There are 6 protein chains.
Amino acid sequence: MPYVNVKVAGKLSKKQKEEIVEGITKLLEKVANKPPQATYVVIEEIDRDNWGKGGKLLSEKK
Amino acid sequence: MPYVNVKVAGKLSKKQKEEIVEGITKLLEKVANKPPQATYVVIEEIDRDNWGKGGKLLSEKK
Amino acid sequence: MPYVNVKVAGKLSKKQKEEIVEGITKLLEKVANKPPQATYVVIEEIDRDNWGKGGKLLSEKK
Amino acid sequence: MPYVNVKVAGKLSKKQKEEIVEGITKLLEKVANKPPQATYVVIEEIDRDNWGKGGKLLSEKK
Amino acid sequence: MPYVNVKVAGKLSKKQKEEIVEGITKLLEKVANKPPQATYVVIEEIDRDNWGKGGKLLSEKK
Amino acid sequence: MPYVNVKVAGKLSKKQKEEIVEGITKLLEKVANKPPQATYVVIEEIDRDNWGKGGKLLSEKK
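A short tour of the structure in this document, coming up.

Calculation rules
- Residues numbered from 1 in each chain as written.
- Chains lettered and ligands numbered in written order.
- Predicted model: local features only at pLDDT ≥ 70, side-chain atom pairs only at ≥ 80, totals over all residues.
- Heavy atoms only, no water.
- Contact = heavy atoms within 4.5 Å.
- Salt bridge = Lys/Arg side-chain N within 4 Å of Asp/Glu carboxyl O.
- Polar contact = N/O pair within 3.5 Å; in protein donor to acceptor, adjacent residues only side chain to side chain.
- Helix = DSSP H or I, 4+ residues; strand = E, 2+ residues; numbered from the N terminus.
- Nonpolar A, V, L, I, M, F, W, Y, C, P; charged D, E, K, R; others polar.
- Pairing = 2+ DSSP bridges.
- Buried < 20%, exposed > 50% of the residue type's maximum accessible area, 1.4 Å probe, protein only.
- Lys, Arg positive; Asp, Glu negative; His and termini not counted.
- Phe/Tyr/Trp six-rings, centres within 6.5 Å; stacked < 30°, edge-to-face > 60°.

1. Side note on the interface of chain A and chain E
- Contact with chain A, which involves 23 residues of that partner, is made by 23 residues of chain E.
- Across the chain A-chain E interface, the total number found is 0 salt bridges.
- Between chain A and chain E we count 7 residue pairs in polar contact (both at pLDDT 80 or more) in total.
- Mapped by element, the contributors of at least two residues to the side of chain A that touches chain E are strand 1 (3-9), helix 1 (14-32) and strand 3 (51-53) of chain A.
- For the side of chain A that touches chain E, the leading source of residues is helix 1 of chain A, giving 9 residues.
- For the side of chain A that touches chain E, the per-class residue count stands at 16 nonpolar, 3 polar and 4 charged.
- In this structure, strand 1 of chain A lies alongside strand 1 (residues 3-9) of chain E, joined through 5 bridges in antiparallel fashion. Bridging from a neighbouring strand, valine 6 of chain A pairs with valine 4 of chain E of strand 1 of chain E.

This is how it looks when you write it as structure tokens:
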């Protein structure tokens, strides 16, 4: 019954999202015996203006 | 002091959001005696390209 | 495919949790046509030392 | 290694986001000795149609 | 700069957690070129009394 | 109406939690004019066995 939330800075292609969803679902099946149908993966693509690291927005950094 | 986060795949109408917010707030008051003014409900509408189930994006499924 | 996260300050009884899960699941079915089997509800009971409101911990308030 | 998620109703300017990220990162360094480079702050600006309080959407209130 | 939150019902062994963290971090590096040092994975083990599916707590089901 | 979730690896003292809650609430008032009474801050202290960085659990690192 896993629920996985993936937040990344910036955008992903649909192909990348497919691979992330497939990869995490298979990993949880292999490692922890979680049935694939029960695994939800929600991907959130966060604007670089809205993600801070080291006290600065990613969009401010070089 | 409840905080409730509702994530759904796809879009909701404003009417549906009103009913969800009202329904959850009343439920928490009735069941757990939480004062309505203290209940926050945040609804997030997730694109079907960003929600995976069973190892596939919802947008890939028939 | 809804995923609902409910955070409350303090503890709930098992009976209250059952009613919250049942109530939210039925609400999402009625309002937004979400199939009950697809709805996950995760309840988190947060210690009053770990929840702040108005700039103070709930455990500091009278 | 802190991860901080800030959800606000409505929009913030880039300047406000910079100040929030800088302020929270410095606070965690000062109070809890967390190295700034390890602190992530993710800001989410939630539409007032998607935030409920007191059983009503913020966009319904006067 | 990914942040990944994994919620599972029930407990995991330390070995399982290691494999989940390693697997997700490598997947995000391979698929989306995210540097491993920037990837945080937080695992939350949720009591079966606190996870609802299909309108019932997992702990109520056979 | 802000909701802030702070996840840290390891434990905080009650004094540290008070300072974090007070500091974030004041920051959001000063920077974004958010009324203190409307700001919720929820602090989650995550076991170092449950937090991964760079593909390893924090508890595995020297």
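Back to the write-up after that little detour.
2. Description of the side chain of lysine 34 of chain F
- Among the secondary structure elements, lysine 34 of chain F is positioned in the loop between helix 1 (14-32) and strand 2 (40-46).
- Despite being buried, lysine 34 of chain F has no salt bridge partner; glutamate 45 of chain D is the closest side chain of opposite charge, sitting 9.0 Å away.
- In this structure lysine 34 of chain F touches Val8 and Ala9 of chain D together with Met1, Pro2, Leu28, Glu29 and Thr39 of chain F, once residues within four positions along its chain are discounted.

3. Re the packing of aromatic side chains
- Applying the stated criterion across every chain, the model contains 12 aromatic pairs over all chains.
- Here the aromatic rings of tyrosine 40 of chain D and tyrosine 40 of chain E are separated by 4.2 Å at their centres, their planes lie at 0°, and the arrangement is stacked. One end of the pair, tyrosine 40 of chain D, is in strand 2 (residues 40-46); the other, tyrosine 40 of chain E, is in strand 2 (residues 40-46), on a second chain. Across this residue pair, the class does not change: tyrosine 40 of chain D and tyrosine 40 of chain E are buried.

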